[in-house]
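Descriptive analysis of the structure
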Amino acid sequence: MAKIIVVTSGKGGVGKTTTSASFAAGLAKRGHKTVVIDFDVGLRNLDLIMGCERRVVYDFVNVIQGEATLVQALIKDKRVDTLNILPASQTRDKDALTQEGVEGILEQLKQTHDYIVCDSPAGIETGAIMALHYADEAIVVTNPEVSSVRDSDRILGILAAKSKRALDGLEPVKEHLLVTRYDPSRVDQGQMLSIEDIQELLGISLIGVIPESQSVLQASNAGLPVILDEGSDSGQAYQDFVARFLGEERPMRFLEAERKGFLKRLFGT
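Residues numbered from 1 in each chain as written. Predicted model: local features only at pLDDT ≥ 70, side-chain atom pairs only at ≥ 80, totals over all residues. Heavy atoms only, no water.

**Digging into the overall build of the protein**
Where we set the bar: Per the convention used, a helix needs a DSSP run of H or I reaching at least four residues, while a strand needs a run of E reaching at least two, with both numbered from the N terminus. The atom set for the radius of gyration is the C-alpha atoms, and the globule formula is 2.2 Å times the number of residues raised to the power 0.38. Accessibility here uses a 1.4 Å probe with only protein chains present; expressed as a share of the type maximum, an area under 20% marks a residue as buried, one over 50% as exposed, and anything in between as partly exposed. Any two residues whose heavy atoms approach within 4.5 Å at even a single point are treated as in contact.
Looking only at helices and strands, one finds 13 helices and eight strands in the protein. Over its C-alpha trace the protein gives a radius of gyration of 18 Å, about what one expects of a compact globule, namely 18 Å for 269 residues. C-alpha extents for the protein along the principal axes are approximately 65 × 40 × 35 Å. The 269 residues of the protein split such that 52% are buried. In the protein, the share of contacts with a sequence separation of at least 24, taken over all contacts with a separation of at least 6, comes to 74%.

Spelled out as structure tokens, the structure:
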């Protein structure tokens, strides 16, 4: 049975869309029929990170308003056969998303896909509430800073109170914590929260840690989900995260600062 997973956070700029793209690509690479939906109406970015912005003809809102079919709006990824993208509209208002329209599209996608990944906008406005409403599981993305963690805690409260599962009295949305932009050397210097600090504040299970890395920006600029950059630390960390989500045991990596040898300390390289 298809699963709906929302990628969410309270704060902007933490890496939700980067995570949504890599998560969906990682699931698809493992043979699962996957679709990733951009819920950020008016400020779409998912198609840029997926490298398909020039192929957008119809979007999420066009389908909701009956101006196009779902088949017309879905974009098939050129790199991974089992991956589809449903882009957001750049020209519509967020109120163009209706609960009935979103539910109808999700029900159609459930018939043809194993996983439906919902890329939520930041905060608690209409698009974000719509993205999390039908979720079976949630990837809560946070940076190791107090404001980001505090805002993520608010999102956990909304998941517990406003999701369809909560309103229907069903089993709660399964929550996973993903920490992005983690720099262990800055944690050691007291400039960032540690993984233990974050877990203590949020109280949900850790599914992955993505290190601070230039490769994330480089991949995004190239229209490539960073998980496909298998030589980078961040690409490998996203692969570990996907494996854990699918039930595999993977040790947590990138939690310790690199210890420089004598020559590196001497020459500063």
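Now that the structure has been shown, we can carry on.
**Notes on the packing of aromatic side chains**
Basically, it comes down to this: Here a Phe, Tyr or Trp ring, Trp counted by its six-membered ring, pairs with any other such ring whose centre lies within 6.5 Å, and the pair is stacked when the planes are under 30 degrees apart, edge-to-face when over 60, and tilted otherwise.
Within the structure shown, the criterion is met by five aromatic pairs. Centre to centre, the rings of Phe39 and Phe60 are 5.1 Å apart; their planes meet at 85°, and the pair counts as edge-to-face. Placement of Phe39 in the loop between β2 (34-38) and α2 (46-49) and of Phe60 in helix α3 (residues 60-64) is noted, with a sequence separation of 21 residues between them. The pair Phe39 / Phe60 is uniform in exposure class, with both members buried.

**Focus: the sheet that holds strand β8 (residues 206-211)**
Operational definition: Note: two strands are recorded as paired if DSSP finds a minimum of 2 bridges between them. Comment: axis = line fitted to C-alpha atoms, over the contacting stretch for helices; angle = value between 0 and 180 degrees taken between N-to-C directions.
The sheet built from eight strands is open, its strands ordered β3-β4-β2-β5-β1-β6-β7-β8 with mixed pairing. The strands lining the two open edges of the sheet, one partner per strand, are β3 (75-76) and β8. Inspection of the sheet shows β2 paired to strand β5 (residues 115-119) by five bridges, in the parallel sense. Considered in β5, the bridge of Asp38 is made with Asp119. Its contacts with the sheet place helix α10 (residues 195-202) against β6 (137-142), β7 (174-182) and β8, and it is angled at close to 145° to β7.

**Details of the packing of helix α7 (residues 146-162) against α10**
To keep it simple, the criterion reads: The hand of a helix crossing depends on one turn: near helix anticlockwise from the far one by less than a right angle means left-handed, and clockwise means right-handed.
One can describe the packing of α7 onto α10 by two numbers: an axis separation of 10 Å at closest approach and a directional angle of 35°. Seen from above, α7 lies across α10 with right-handed handedness. Of α10, the residues touching α7 (which contributes Val149, Ser152, Asp153 and Leu156) are Ile198, Leu201 and Leu202.

**Some words on the pattern of salt bridges**
Put simply, the test is: When a carboxyl oxygen of Asp or Glu is within 4 Å of a side-chain nitrogen of Lys or Arg, the pair counts as a salt bridge.
Under the counting rule described, the total for this entry stands at 13 salt bridges. Sharing partners across several salt bridges, the network here consists of Arg30, Asp240, Glu248, Arg250 and Arg253.

**Looking at the nonpolar core**
Grouped burial of nonpolar side chains is what soluble globular proteins tend to show. Rules: What makes a nonpolar core is a set of buried Ala, Val, Leu, Ile, Met, Phe, Trp, Tyr and Cys residues whose side-chain atoms join them at distances within 4.5 Å.
Ranked by internal contacts, the top residues of the largest apolar core, which has 45 residues, are Ile37, Phe39, Phe60, Leu97 and Val102. In terms of residue count, α7 provides more of this core than any other element does, five residues in total. Of all hydrophobic cores here, the second largest spans 36 residues; its members include Ala28, Cys52, Val117 and Ile227.

**Brief notes about unusual backbone geometry**
For residues that are not glycine, phi is negative in most cases, and the peptide bond is trans in most cases. Backbone geometry at Arg181 places phi at a positive 55°, although glycine is not the residue there. On the secondary structure map, Arg181 appears in strand β7. We classify Arg181 as partly exposed; its relative accessible area is 41%. Look at Phe254: it is not a glycine, yet its phi comes out positive at around 65°. Relative to the elements of secondary structure, Phe254 occurs in the loop between α12 (233-245) and α13 (262-267).

**Some thoughts on the packing of helix α1 (residues 16-29) against α12**
As a reminder of what qualifies: Working rule for angles: under 35 degrees goes down as roughly parallel, over 145 as roughly antiparallel, 65 to 115 as roughly perpendicular, anything else as oblique. Throughout, the ten residues Ala, Val, Leu, Ile, Met, Phe, Trp, Tyr, Cys and Pro are labelled nonpolar, Asp, Glu, Lys and Arg are labelled charged, and all others, Gly among them, are labelled polar.
Where α1 contacts α12, the axes come no closer than 9 Å and their chain directions differ by 60°. On the basis of their axis angle, the class for α1 and α12 is oblique. Helix-helix and strand crossings are classified by hand; for α1 and α12 the assignment is right-handed. Residue-level inspection shows Thr18, Thr19, Ser22, Phe23, Gly26 and Leu27 of α1 in contact with α12, the latter providing Tyr238, Phe241, Val242 and Phe245. Of the residues belonging to the contact of α1 with α12, the class tally is six nonpolar, four polar and no charged.

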